[in-house]
Amino acid sequence: NRINDQWSMQMRRPPTEQELSGLVEQFVKEEIYYREAQRMGLDANDTIVRRRMVQKLTFLTEDIATATPFDDKALFTFYTENETDYRVPERFSFHHRYFSSDRRENAKADATNALTTDEQGDPFMLQREYAARSEREIGDLFGRSFASALTKLDTLSRAQGPIESAYGWHTLHLTGRTPSFIPAFEVVTARVAVDAQQQARQAANRAYYEDLKSRYTITYPGTNDFAEK
């Protein structure tokens, strides 16, 4: 019946008598091979089998721990205890002009001169303007030192710099900065639910392992000084 139902769900039709007979025969063959492999001890000292069994036990522990969904009160409690994890970082909006160190003899000097001129600089492979980007996001694009220097600029109506990036030198016009904030619980409820379940899984695994470990005596080779009970 199980084989028949699985086939019907996957193929969206019941198997024919011949198809079902073949499926049953395949199952019988697989079961015989599996039992013979166990009898011969082929599952012992097999890293793949070992890891798969550990994984299945871990999944079982996690499933039991999260079988009952968190209610709104429990989720809100989790949120208040971990609200800093949901903080949105400060974000910056800016546009820049690029001066290539490869194309120019003194890109820094040219960028400095451009602070008081309308020179547009060199073609740039990325964007000329960015809106509401965090320091980390800017660092991923331009380099960490560039991002750090940008965060120290003031929001002015004129260009500032120059600042060196992984590509060359830049003049920057910082047009806006949005302060860091922690969003309301209602805004991040879905994320809180995921995080709460993940924490419950991890806690269940730790507790289950400690309980299992307490039932064993562990002796390390070469000395009895490290024996655990």
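Predicted, not measured: the structure shown is a model, and the values here were computed from it.

Rules and cut-offs
- Residues numbered from 1 in each chain as written.
- Predicted model: local features only at pLDDT ≥ 70, side-chain atom pairs only at ≥ 80, totals over all residues.
- Heavy atoms only, no water.
- Helix = DSSP H or I, 4+ residues; strand = E, 2+ residues; numbered from the N terminus.
- Buried < 20%, exposed > 50% of the residue type's maximum accessible area, 1.4 Å probe, protein only.
- Contact = heavy atoms within 4.5 Å.
- 1 Å grid on protein atoms, 1.4 Å probe; cavity = no way out; pocket = protein on both sides within 12 Å on 5 of 7 lines; lining within 4 Å.
- Points joined across faces, edges and corners; volume = space filled by probe spheres on them.
- Nonpolar A, V, L, I, M, F, W, Y, C, P; charged D, E, K, R; others polar.

Observations concerning the environment of T171
Next up, step 1: For T171, the location among the structural elements is in strand β4 (residues 168–178).
Next up, step 2: Classification of T171 as buried rests on a relative accessible area of 1%.
Next up, step 3: Expressed as a C-alpha distance, the spacing of T171 and D110, which sit 61 residues apart in the sequence, is 10.0 Å.
Next up, step 4: T171 has contacts with H95, H96, R97, F99, A111, A114, L115, A159 and Q160, leaving out every residue within four places of it along the chain.

Structural notes on the layout of surface pockets
Next up, step 1: In this structure, the largest pocket encloses a volume near 280 Å³.
Next up, step 2: Lining the largest pocket, in full, are M53, V54, L57, T58, T61, N205, Y208, Y209, L212, K213, Y216 and I218.
Next up, step 3: Elements with a contribution of two residues or more to the lining of the largest pocket: α3 (47–65) and α8 (189–213).
Next up, step 4: The volume enclosed by the second largest pocket comes to roughly 190 Å³.
Next up, step 5: Residue lining of the second largest pocket: R2, I3, Q6, W7, Q10, L23, Q26, F27 and E30, and that is the complete set.
Next up, step 6: Sorting the residues of the lining of the second largest pocket by element identifies α1 (2–11) and α2 (17–39) as the ones contributing at least two each.
Next up, step 7: No other element matches α1, which puts 5 residues into the lining of the second largest pocket.
Next up, step 8: Here the residues of the lining of the second largest pocket sort into 4 nonpolar, 3 polar and 2 charged.

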